[in-house]
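Overview (structure and organization)
Residue strings, one per chain:
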Amino acid sequence: PDAPEAYAKYSDLFECIQQMPNQFDSFKVLDGNIDEFVSVARKAGDDWFIASLTNRSAREVTINFEFLPQGKTYTATLYEDAEDSHFINNKEAYSIRKIEVDATSMITVKLASGGGHAIHLESK
């Protein structure tokens with residue numbers, strides 16, 4: 001928790017959280033290893049919210065979108081660790097980008113040491 005002014009500095013980052021509903025329709029574990037990392041997806045209406053986090057080891061995680069309905073395209077907003085992110089030395093470094101994905105898509109995301117990412121999938 002922090003003062004509201006602190007969150008205002010990162011309004012683009014908190015956009016993902018503001019769009020999350022209070023309840024989800026379904027939940028899927030996409031990948032993970034106990035005490036190493038986890039990737040999960042939650043569905044709300046036609047949208048999906050995907051997130052991964054890692055322990056203190058930086059790693060790459062592949063997100064396979066095969067759980068999406070065939071023939072449907074989504075705009076994916078990725079909230080990611082920056083190249084120089086680190087949970088102690090540079091914990092507020094991030095980047096945001098948009099791509100198009102469907103059930104045939106696979107992407108690899110880099111998780112910084114102690115880091116993570118979030119993806120908001122909006123149905124087109």
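Please read these numbers as outputs of a predicted model, since none were measured by experiment. (Residues numbered from 1 in each chain as written. Predicted model: local features only at pLDDT ≥ 70, side-chain atom pairs only at ≥ 80, totals over all residues. Heavy atoms only, no water.)

**As for the pairing of strand β5 (residues 74-81)**
- Burial of β5 is extensive: 8 of the 8 residues sit out of reach of the surface.
- Where β5 meets strand β6 (residues 94-101), 8 bridges bridge the pair, whose relative direction is antiparallel. Pairing of Glu80 across the sheet is with Ser95, part of β6.
- Across 6 bridges, β5 lies against strand β8 (residues 116-123) in antiparallel orientation. Counted as the bridge partner of Thr75 is Glu122 from β8. (Buried < 20%, exposed > 50% of the residue type's maximum accessible area, 1.4 Å probe, protein only. Helix = DSSP H or I, 4+ residues; strand = E, 2+ residues; numbered from the N terminus. Pairing = 2+ DSSP bridges.)

**Some remarks on the sheet that holds β5**
- In space, the 6 strands of this open sheet follow the order β1-β2-β3-β8-β5-β6, with antiparallel pairing throughout. Two strands close off the open sheet at either side, each with one partner strand: β1 (26-33) and β6. Adjacent strand axes in the sheet meet at a mean angle of 15 degrees when their direction is disregarded.
- Looking at chain direction, strand β2 (residues 37-44) and strand β3 (residues 47-54) are connected through 8 bridges and run antiparallel. Counterpart to Ala41 in the pairing with β3 is Ile50. (Axes fitted to C-alpha atoms, helices over the stretch in contact; angles between N-to-C directions.)

**As for the nonpolar core**
- Judged by nonpolar contacts, the single largest core of 19 residues is most densely connected at Ile50, Phe65, Leu68, Ile119 and Leu121.
- At the level of secondary structure, the elements contributing two or more residues to this core comprise β2, β3, β4 (59-64), β5, β7 (106-111) and β8.
- With 5 residues, the next largest nonpolar core counts Cys16, Ala44, Phe49 and Ala118 among its residues. (Core = buried A, V, L, I, M, F, W, Y, C linked by side-chain atoms within 4.5 Å.)

**Quick word on a nonpolar patch on the surface**
- Where nonpolar side chains cluster on the molecular surface, the patch consists of Phe27, Val29, Val38 and Leu53 and spans about 360 Å² of accessible area.
- Among the secondary structure elements, Leu53 is positioned in strand β3. (Patch = residues over 30% accessible without salt bridge, like charges linked within 9 Å, V, L, I, M, F, W, Y side chains within 5 Å. Areas by Shrake-Rupley, 256 points an atom, 1.4 Å probe, with all protein chains shown as cover. Salt bridge = Lys/Arg side-chain N within 4 Å of Asp/Glu carboxyl O.)

**Considerations on the pattern of salt bridges**
- Per the stated rule, a full pass over the model turns up 5 salt bridges.
- One salt bridge connects Arg97 with Glu80, and the closest N-O pair in it is separated by 2.7 Å. Taken together, the residues span a long stretch of sequence, with Arg97 in strand β6 and Glu80 in strand β5 at a distance of 17 residues.
- Note on Arg97: relative accessible area 36%, which makes it partly exposed.
- Across the pair Lys124 and Glu100 runs a salt bridge, and its minimum N-O distance is 3.1 Å. Taken together, the positions of Lys124 in the segment after β8 and Glu100 in strand β6 put the pair 24 residues apart, joining distant regions of the chain.
- Assessed through its relative accessible area of 43%, Glu100 is described here as partly exposed.

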